[in-house]
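Examining the three-dimensional arrangement
What follows is each chain in one-letter form.
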Amino acid sequence: MNNAERLKALAATAKQREFDHDFLAGWEGCITWEDAPVRQPMVYPRVFVVEEEDVLAYNRALGETDPLFVDPAYARDHAPHGTVLVHPVFITTIAFWLASKGSPMSWIRTPGARNPFQRIEVKRRLEVGDRLTMRQENSDRFIRRGKPYITTHATIIDEHGAEKAEIWATLILPPTREDVRRFATV
Amino acid sequence: MTTPRLPYLDDLQTGYMLPELVYEVTQDTIDAYGMASLDLNPVHMDPGWSARAQVFDDPRTVAHGMMSMSFMTSLVYRAFGAQADISAVDSKFTKPVPVGSTVTVQGMVRDVHPLGNGEDFVTINVEARDQHGDIIGVSAVDVRLPRKPGVRP
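Just so we're clear, the structure is a prediction, and the values are computed from it rather than from any experiment.

Aromatic rings considered in pairs are described by the distance between their centres and by the relative angle of their planes. Counted by the stated rule, this structure contains 9 aromatic pairs over all chains. With 5.3 Å between their ring centres and 65° between their planes, A:Tyr58 and B:Tyr33 make a pair best called edge-to-face. Within this pair, whereas A:Tyr58 is found in helix H3 (residues 52-61), its partner B:Tyr33 is found in helix H1 (residues 27-37), the two belonging to separate chains. Judged by relative accessible area, which is 0%, B:Tyr33 ranks as buried. Consider the rings of A:Phe117 and A:Tyr149, whose centres lie 6.0 Å apart with planes at 20°: the pair is stacked. Note that A:Phe117 is positioned in strand E2 (residues 114-122) and A:Tyr149 in strand E4 (residues 147-157), a separation of 32 residues in sequence. A relative accessible area of 23% means that A:Phe117 is categorised as partly exposed. Since its relative accessible area comes to 5%, A:Tyr149 is described here as buried. Taken together, A:Phe48, A:Tyr58, A:Phe90, A:Trp97 and B:Tyr33 form an aromatic cluster joined through their ring pairs. Against the face of A:Trp33 rests A:Arg141, its NZ or CZ located 5.6 Å from the ring centre. When the ring centre of A:Tyr149 is taken as origin, the NZ or CZ atom of A:Arg144, which lies over that ring, is 5.6 Å away.

Counting buried residues in helix H6 (residues 91-98) of chain A gives 8 out of 8 residues, a clear majority hidden from the surface. Looking at H6(A), one finds that the buried residues are A:Ile91, A:Thr92, A:Thr93, A:Ile94, A:Ala95, A:Phe96, A:Trp97 and A:Leu98.

Residue and element names in this part refer to chain B. One non-glycine residue, leucine 38, adopts positive backbone phi at about 65°. Summarising the element assignment, leucine 38 is placed in the loop between H1 and helix H2 (42-45). Owing to a relative accessible area of 3%, leucine 38 belongs among the buried residues under this scheme. You will see that glutamine 54, though not glycine, has its phi angle at about 45°, which is positive. Along the polypeptide, glutamine 54 turns up in the loop between helix H3 (47-53) and helix H4 (65-80). With relative accessibility at 32%, the residue glutamine 54 sits in the partly exposed group.

Bringing the confidence of the model for chain A into the picture now. A residue-level look at chain A finds 98% of positions with pLDDT of 70 or above and a mean pLDDT of 91. Across chain A, H3(A) holds the top mean pLDDT of 98, while helix H7 (residues 177-184) of chain A sits lowest at 87.

Analysis parameters
Residues numbered from 1 in each chain as written. Chains lettered and ligands numbered in written order. Predicted model: local features only at pLDDT ≥ 70, side-chain atom pairs only at ≥ 80, totals over all residues. Heavy atoms only, no water. Phe/Tyr/Trp six-rings, centres within 6.5 Å; stacked < 30°, edge-to-face > 60°. Helix = DSSP H or I, 4+ residues; strand = E, 2+ residues; numbered from the N terminus. Buried < 20%, exposed > 50% of the residue type's maximum accessible area, 1.4 Å probe, protein only. Lys NZ or Arg CZ within 6 Å of the ring centre and 35° of its normal. pLDDT = per-residue confidence, 0-100.

Put into structure tokens, the structure is as follows:
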């Protein structure tokens, strides 16, 4: 069993099942540090519907114990909206699902990338049932201590047009397509 | 099992320590987080690739930075309950966390912000350390909290 098959067997939600489990396939289509468009805002047309199973998978992966996080029956009676509560870093799931291969933010899926720092601001708590889109731009590209960094600023928007959260995500990337190729084909 | 009671801002003072959390980082832990976050980067999810690529000069897979960020955020939820209204998390990752690590997360109230406009919040400094005592990540977590009834803003 290769690794993609191993991961496919772990899939427990509809989004996990439909996601591409071969991370390295199509690496040639990834935006690299040297060709990432900067300060060119775009809106991602896909809609991420927050399903209860997505939230439960995230909360359980973290070992959460509060029943408002992991017990739908308890949440129905005690949570403000009757659904399990969403962890703020769940935004990661939304970003990875929306930033499909070939998109301007596809560099978050670059093999060989490193994660130095992140910032999330929550304006309104995400909820099960939210229908979310993303507005995003690569806000900066810089070199620090000889390493190539890129920062994206993404805003998560609900079906009413309200801004729910913002993330400033920074990665250190392999600088050139040749560097990416070395990691992708190792 | 019930949810902890959300504290009042007025119950907290700077220097208040939150109960620490300890996480064992196994490949199962990493796999569960990777699937839940859809971050299937082989540096986390593929032991064979990691051994060949050695992105961090180490043949082992490493935990997701976003998992460490989640652990540091969860410290607040374990202490204050899931209804804690976290408004910002600012994280820096300082050392890779290879599979097999033990991560201990500690936090302390750094600032209390009694704004008096319904947006009162505290800032909690969180540190995560590995089994060697090395810091693997730090965060500042802002949490909006209610005021105690009858307290002047």
